[in-house]
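# Summary of structural features
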Amino acid sequence: MIDIARDYASIALGAAQSTSARLASVGRSGAAALTALGRRSPGTLGETLGEATIDLRDTAERSRELIAALLQSELDRFVSMIGLVPESELTALRQQVRRLERQLAEVQGESK
């Protein structure tokens, strides 16, 4: 189980690192290409780069969210596979047992 979690964490870390590297690379390439063309004013160039940076940052954030969802899904599946239940289910079952114990005690008290 620990190995599986470690593998998924490595995947997530690698994706985050590659996204950051891709952001930097695209930014450098885009700036060089637009500057080389010389067809854009400095203000327009800045706006274009700003928009590209925002788009890439948003993509990186979505990637992190998707990886986190994947990790949570796989963890839930594995926990279920080995027979463990989520804490919320355990809490609900404990409350139900307490309620049933109270009802039983009431019935037993009435029958005496």
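Residues numbered from 1 in each chain as written. Predicted model: local features only at pLDDT ≥ 70, side-chain atom pairs only at ≥ 80, totals over all residues. Heavy atoms only, no water.

### Here we look at a negative patch on the surface
Negative charge collects at one region of the surface, where Glu 47, Glu 51, Asp 55 and Asp 58 lie side by side. Within the secondary structure, Asp 58 is located in helix 2 (residues 42–81). Given the relative accessible area of 33%, Asp 58 is considered partly exposed. (Patch = residues over 30% accessible without salt bridge, like charges linked within 9 Å, V, L, I, M, F, W, Y side chains within 5 Å. Areas by Shrake-Rupley, 256 points an atom, 1.4 Å probe, with all protein chains shown as cover. Salt bridge = Lys/Arg side-chain N within 4 Å of Asp/Glu carboxyl O. Lys, Arg positive; Asp, Glu negative; His and termini not counted. Charge placed at Lys NZ, Arg CZ, Asp CG, Glu CD. Helix = DSSP H or I, 4+ residues; strand = E, 2+ residues; numbered from the N terminus. Buried < 20%, exposed > 50% of the residue type's maximum accessible area, 1.4 Å probe, protein only.)

### Some words on the pattern of salt bridges
By the definition in use, this model includes two salt bridges. Of the charged contacts in the structure, one is a salt bridge between Arg 64 and Glu 61, with a shortest N-O distance of 3.0 Å. One end of the pair, Arg 64, and the other, Glu 61, are both in helix 2, three residues apart, so they sit about a helical turn from each other. With a shortest N-O distance of 2.8 Å, Glu 74 and Arg 77 are connected by a salt bridge. Linking Glu 74 with Arg 77, this pair stays in helix 2, spanning three residues, or about one helical turn. Relative accessible area serves as the criterion here: at 47%, Arg 77 is assigned to the partly exposed category.

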